[in-house]
Amino acid sequence: MIILVVNAGSSSLKYQLINMNDESVIAKGNCDRIGIDGHIAHKTSDGRELNADCSFPTHTEAFMKLVEALTTGDAKVIDSMDEISAVGHRIVQGADIFDKSVLVTDEIIDKIDELRELAPVHNHAHALALRACKSVIPEGVPQVVVFDTAFHQTMPPKAYMFGLPYEDYEQLHVRKYGFHGTSHRFVSAALAEAMGRDIKDLKIVSCHLGNGSSITAVDGGRSVDTSMGFTPLDGVVMGTRSGAVDPSAVTFVADKHHFTPAQMSDYMNKKSGFLGVSGVGSDNRDITDAAAHGNERAKLVSEMLIYEIKKYIGSYAAAMNGLDAVLFTGGIGENAYDVREQVCENMEFFGIKLDKEVNDGLRGKLTKISAADSKVEVWVVPTNEELLIARDTLALISK
């Protein structure tokens, strides 16, 4: 059985074609610069590639090119789209309406589009991609949507409510939603399997660290709290996002710069974080290199990130009344062994003790990196959101 997994952005369409018999990736690629000029980068599992400039006025043209790349030319991998059993889509925001993956209908697409105010960069693009896919994929091929926010719908009200008037929650749906749920769900389950434990018996802090980062408390396989909030802006300092900031600092800075709300949002989402504090860039590798060469602002942003992750681990251990494991995933979590080491330093009070020799140089490999006498296990767990989407899709269409 073959499943196509799609991750649509406002101007991009990433995809993977997965053989569910062995969960291997047949081909993957990205149609980007949609609405601008257009480009496709497509690669097969055996190394064949297609790179071409294209005309992508809308997501429909991008889907048509995706189909063409999969079924024709030197980098084709199937003869026709009839060989595909289903399409699975990643959706960023499902609000408190969707607590699980669902089959796509016109009503579901409309509801996803209605949530655009809660994720203006993503949800409308998701709806456009779903409609485009429906117009291009053969009739009868089911589509499934998997929501980033669904995993966090198990948070109790005390964790997701803000201290704003209750009417803002009732009427405007203002609350913590959390993100990266697809990743946190995948890696926490993968960790339980690697530990040989039932996830229902585990208290885990999952650290998804990348250009966007979120920390989640997973108690018995359920999200009970997470660092991102109403939007992905909240939580720890990130590539270009500020992370948590006193709201009065936001209004103060906006007033001094004469920013509109939209300009202030752009300032905090695109010009802050690693980039804004360091002045070097938004990539942690550039920050690490600059810090190593004596850049004090780069050192500061690294210290901020480490400190904030430590605080979340401690607070979530308290919230869950215990801690069995900490996992690191995402681009930084899987590859930046120096970040992992510094996070775990001076955490013996929580029973965390790192095996520095195992951790040093480790990149992107499922590995236990805690010392033998560490009371809390520490792991690197590579994430695979596309595979989880494919698994959810298979489970739904099998029913």
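As the structure is a computational prediction, the values presented were derived from the model and not from experiment.

**Student:** Looking at this structure, I do not really get the overall build of the chain. What am I missing?
**Tutor:** Across its full length, the chain holds 15 helices and 14 strands. Over its C-alpha atoms, taken along the principal directions, the chain stretches across nearly 60 × 55 × 45 Å. Looking at the chain as a whole, 50% of its 399 residues qualify as buried. For the chain, restricting intrachain contacts to residue pairs at least 6 apart in sequence, the fraction spanning at least 24 positions comes to 60%. As displayed, the chain has an accessible area near 18500 Å², and 50% of this comes from carbon and sulfur atoms. Counting 39 positive and 55 negative side-chain charges, the chain places the centres of these two groups 3 Å from one another.

**Student:** I tried to follow empty space enclosed by the protein on my own but got confused; where do I start?
**Tutor:** Per the stated rule, a full pass over the model turns up 1 cavity of 30 Å³ or more. The calculated volume of the largest cavity comes to roughly 40 Å³. Lining the largest cavity are Met161, Phe162, Leu164, Pro165, Tyr166, Asp168, Tyr169 and Val174.

**Student:** Before we go on, may I ask you to explain the sheet that holds strand β3 (residues 24-32) in this structure?
**Tutor:** Spatially, 8 strands are ordered β5-β4-β3-β2-β1-β6-β8-β7 in an open sheet, and the strand pairing comes out mixed. Looking at the sheet topology across the chains shown, the edges are occupied by β5 (49-53) and β7 (102-103). Of the strand pairs in this sheet, β7 and strand β8 (residues 143-147) are connected by 2 bridges, and their pairing is antiparallel. The residue bridging Leu103 from the neighbouring strand is Val144, located in β8. Running over the sheet, helix α15 (residues 385-398) touches β1 (2-8), β2 (12-19), β6 (84-91), β7 and β8 and is turned about 125 degrees from β6.

**Student:** Could you clarify how one ought to interpret the environment of Glu193 in this entry?
**Tutor:** Inspection of the secondary structure puts Glu193 in helix α6 (residues 181-195). Given a relative accessible area of 69%, Glu193 falls into the exposed group. Residues Glu193 and Thr154 lie 39 residues apart in sequence; the distance between their C-alpha atoms is 21 Å.

Rules used in this analysis
Residues numbered from 1 in each chain as written. Predicted model: local features only at pLDDT ≥ 70, side-chain atom pairs only at ≥ 80, totals over all residues. Heavy atoms only, no water. Helix = DSSP H or I, 4+ residues; strand = E, 2+ residues; numbered from the N terminus. Buried < 20%, exposed > 50% of the residue type's maximum accessible area, 1.4 Å probe, protein only. Contact = heavy atoms within 4.5 Å. Areas by Shrake-Rupley, 256 points an atom, 1.4 Å probe, with all protein chains shown as cover. Lys, Arg positive; Asp, Glu negative; His and termini not counted. Charge placed at Lys NZ, Arg CZ, Asp CG, Glu CD. 1 Å grid on protein atoms, 1.4 Å probe; cavity = no way out; pocket = protein on both sides within 12 Å on 5 of 7 lines; lining within 4 Å. Points joined across faces, edges and corners; volume = space filled by probe spheres on them. Pairing = 2+ DSSP bridges. Axes fitted to C-alpha atoms, helices over the stretch in contact; angles between N-to-C directions.

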